[in-house]
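# Residue-level structural notes
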Amino acid sequence: MIRKLLPLLLGASALSACATVPAYTPPVAPQAAAGPFLGSASPTVSTAATADRWWTLYHDARLDRLVEDTLAQNTDVRVAVARIERARAQLRGARSQRLPQTGVTTSADYGRSAAAQTPVGVDRESWTFDGGLDVSYEVDLFGRVKSGITAARGDLEAAEADAAAVRVAVIADTVRAYFDVTTSAERLAVAQQTVALLDRSIRITTARFEVGRSDRLDVIRVTALRDQQQAQIPALQADRDAALFRLATLTGRTPQALPSEIASAGNVTPALAQPIPVGDGAALLARRPDVKAAERRLSADAARVGVATADLYPRITLGGSIGATALGSANPFTGGPFRWLLGPLINWSFPNQEPVRARIAAAKADSAASLAQFDGTVLRALEETERALASYSHALEREQTLASARDAAARAAAISVARQREGRIDFLTLLDAQRTLASADADLAAAKRAVAFAQVDVFRALGGGWEAASPPRA
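This one's a predicted model, so the numbers in the text were calculated from it and none came from an experiment.

### Quick notes on the overall build of the protein
Along the backbone of the protein there are 10 helices and 6 strands. For 474 residues, the compact-globule estimate of 2.2 N^0.38 gives 23 Å, and the C-alpha radius of gyration of the protein, at 37 Å, exceeds that figure by more than 25%. Taken over the C-alpha atoms alone, the protein extends approximately 135 × 60 × 40 Å along its principal axes. The buried share of the protein, reckoned over its 474 residues, is 40%. A fraction of 84% describes how many contacts in the protein between residues 6 or more apart in sequence connect residues 24 or more apart. In the form shown here, the protein has an accessible surface area of approximately 25,500 Å², with 57% of it arising from carbon and sulfur atoms. In the protein, 54 side chains carry a positive charge and 50 a negative one; their mean positions are 2 Å apart.

See the structure below:
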């Protein structure tokens, strides 16, 4: 029997290279996307290659440790890693279809058989023992198994890219939260300094009122301005506390477990000592993990078209089994009770193939949707990067303008104090100068915060930072 089946096996092996679906061709991004960014003309950025560990450009040891903690303990990262393991298990399952499938069955029953069915010399009431081994192997003539493996591999690579995208997001969120802590502390310090200056103005105005050189209304006005500035402090403290709590969650800690060095971080926000290296569009699309994930999903869906198409053709399985049945105390592995079976099994949905063709059409529709999603992901990646570069450039311009305005407001306030002492201007003019200075200080602090956040948005859009922390490939 084996000699008779050997030519069939050899023929099946020769035909196994048959394909039912054309080879997958990766999609190509628009040619215009490969060039320099529109925002790279700004002197705030350079076209040098993007740094993988971009947060180290700030040269802040505390920030470096926070990012390391995030990559090791963040719950979103752990979920993404678990999904990679799930995809790896599915790939192992798909690969196992290449191997013979085996199964062992055993049973033991006690019962009474009919007299006509009971052999001579055997009790009608006895134990029946049965055991067997089944082996089957699918001959992958039309690429069903191969396409299934390709689809599972694409799913795994997409899961790995998704995990990389999660790392990009949580790293950026961690840096942003850290900057939120420091900039909130800076804004809080500015507000407290403004209140302290207004307290001094209250003391001076009160003293002038007591000697008859100022009006009671002047004391009321400066006191009202001081209270308005004091009222901003609780909101700024709440912003800083919220940033600390967010930082704790990102690094996998409870708020109580956040290191004291972070909770007591100062009000100095790390700054870049160089233009941001952004590379070009081609490097962006090769690096962004969401683009890679979209392309890998497209590959997997294209392979599933092959899985569905293979069902149009016969599915041939070579199988065999051996086993034995024994009654009572007989040895099941000797003599007559032993049995075996060997032969092919052909399974073919024919002539009604409409259900199969419907599955093929659905698989092709999924593939078309994945292609559209890939194209959309490419466009969004370019949009996010250009938008982040433009926002960063404009934020820097605004900060510079507000810095000049703040310097002018400080000079005007100093001149107003001197002239008010000389009696050359009234107190209302002095109060307006102090109000303008307080507003300029607050606006400048907020602008510095916007610049720090805009930098993080640029790095997030560039999609780097996950390479060194990626899990090993299957």
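### Notes on a nonpolar patch on the surface
A cluster of nonpolar side chains, Val-104, Leu-133, Val-135, Ile-322, Phe-338, Trp-340 and Leu-342, forms an exposed patch at the surface whose accessible area comes to about 630 Å². Residue assignment for the nonpolar patch shows that the elements contributing at least two residues are strand E3 (125-139) and strand E6 (338-347). Take the nonpolar patch: its biggest share by element is 3 residues, from E6. Following the sequence through the fold, Trp-340 ends up in strand E6. Since its relative accessible area comes to 54%, Trp-340 is described here as exposed.

### What about the nonpolar core?
Membership of the largest hydrophobic core comes to 51 residues, with the highest contact counts inside it found for Val-175, Phe-179 and Ile-276. Going through the elements one at a time, helix H2 (61-73), helix H4 (144-210), helix H5 (216-250), helix H7 (281-287), helix H8 (289-310), helix H9 (354-421) and helix H10 (427-462) are the ones with two or more residues in this core. Aside from chain neighbours lying at most four places away, what touches Val-175 is Trp-54, Trp-55, Leu-63, Val-67 and Val-456. Core analysis: the second largest hydrophobic core is formed by 11 residues, Ala-87, Ala-152, Leu-156 and Ala-159 among them.

### Observations regarding unusual backbone geometry
Of the consecutive residues Phe-350 and Pro-351, the connecting peptide bond is found in the cis state with omega at 5 degrees. Considering the arrangement of structural elements, one finds Pro-351 in the loop between E6 and H9. Phi is positive for His-59, close to 55 degrees, though the residue is something other than glycine. As for its placement among the helices and strands, His-59 is situated in the loop between strand E1 (45-46) and H2. With a relative accessible area of 68%, His-59 lands in the exposed category.

### Examining empty space enclosed by the protein
Throughout the structure, instances matching the rule amount to 1 cavity of 30 Å³ or more. Approximately 60 Å³ is the volume found for the largest cavity. As for the largest cavity, its lining consists of Glu-138, Val-139, Asp-140, Leu-141, Phe-142, Gly-143, Arg-144, Ala-310, Asp-311, Tyr-313, Pro-314 and Arg-315. Among the residues making up the lining of the largest cavity, the classes are represented as 6 nonpolar, 1 polar and 5 charged.

### A short note on the layout of surface pockets
Roughly 380 Å³ of volume is contained in the second largest pocket. Together, 20 residues line the second largest pocket, and Leu-197, Arg-200, Ser-201, Val-417 and Gln-434 are the ones closest to its centre. Among the secondary structure elements, those contributing two or more residues to the lining of the second largest pocket are H4, H9 and H10. Among the elements that take part in the lining of the second largest pocket, H4 stands out by supplying 8 residues, more than any other. Among the residues making up the lining of the second largest pocket, the classes are represented as 10 nonpolar, 6 polar and 4 charged.

### Quick look at a positive patch on the surface
Together, Arg-95, Arg-98, Lys-146 and Arg-153 give the surface a local cluster of positive charge. Considering the arrangement of structural elements, one finds Arg-95 in helix H3 (residues 75-95). Overall, Arg-95 belongs to the partly exposed group, its relative accessible area being 35%.

### Notes on H4
Side chains that are three or four residues apart share a direction in an α-helix, a result of its 3.6 residues per turn. Spanning 67 residues, H4 covers 96 Å between terminal C-alpha atoms, matching the ideal 99 Å at 1.5 Å per step. Once H4 ends, the next one or two residues include Gly-212, with phi positive near 80 degrees.

### With respect to the pattern of salt bridges
Going through the model one piece at a time under the given rule, you end up with 27 salt bridges. Two residues, Glu-383 and Arg-387, come together in a salt bridge whose shortest N-O distance is 2.8 Å. Of this pair, Glu-383 and Arg-387 both sit in helix H9, separated by 4 residues, roughly a single helical turn. Using a relative accessible area of 44% as the deciding quantity, one classes Glu-383 as partly exposed. Judged by relative accessible area, which is 46%, Arg-387 ranks as partly exposed.

### Points about the environment of Arg-288
Looking at where Arg-288 falls in the secondary structure, it is placed in the loop between H7 and H8. By relative accessible area, Arg-288 is classed as buried at 5%. The spacing of Arg-288 and Ala-308 is 20 residues in sequence and 31 Å in space, taken between C-alpha atoms. Not counting residues within four places of it along the chain, the set of residues in contact with Arg-288 comprises Ala-381, Glu-384, Thr-385, Arg-460, Ala-461, Leu-462 and Gly-463. Side chain to side chain, Arg-288 and Glu-384 meet in a polar contact 3.0 Å long.

Calculation rules
- Residues numbered from 1 in each chain as written.
- Predicted model: local features only at pLDDT ≥ 70, side-chain atom pairs only at ≥ 80, totals over all residues.
- Heavy atoms only, no water.
- Helix = DSSP H or I, 4+ residues; strand = E, 2+ residues; numbered from the N terminus.
- Rg over C-alpha atoms; globule rule 2.2 N^0.38 Å.
- Buried < 20%, exposed > 50% of the residue type's maximum accessible area, 1.4 Å probe, protein only.
- Contact = heavy atoms within 4.5 Å.
- Areas by Shrake-Rupley, 256 points an atom, 1.4 Å probe, with all protein chains shown as cover.
- Lys, Arg positive; Asp, Glu negative; His and termini not counted.
- Charge placed at Lys NZ, Arg CZ, Asp CG, Glu CD.
- Patch = residues over 30% accessible without salt bridge, like charges linked within 9 Å, V, L, I, M, F, W, Y side chains within 5 Å.
- Salt bridge = Lys/Arg side-chain N within 4 Å of Asp/Glu carboxyl O.
- Core = buried A, V, L, I, M, F, W, Y, C linked by side-chain atoms within 4.5 Å.
- 1 Å grid on protein atoms, 1.4 Å probe; cavity = no way out; pocket = protein on both sides within 12 Å on 5 of 7 lines; lining within 4 Å.
- Points joined across faces, edges and corners; volume = space filled by probe spheres on them.
- Nonpolar A, V, L, I, M, F, W, Y, C, P; charged D, E, K, R; others polar.
- Expected span 1.5 Å × (residues − 1).
- Polar contact = N/O pair within 3.5 Å; in protein donor to acceptor, adjacent residues only side chain to side chain.

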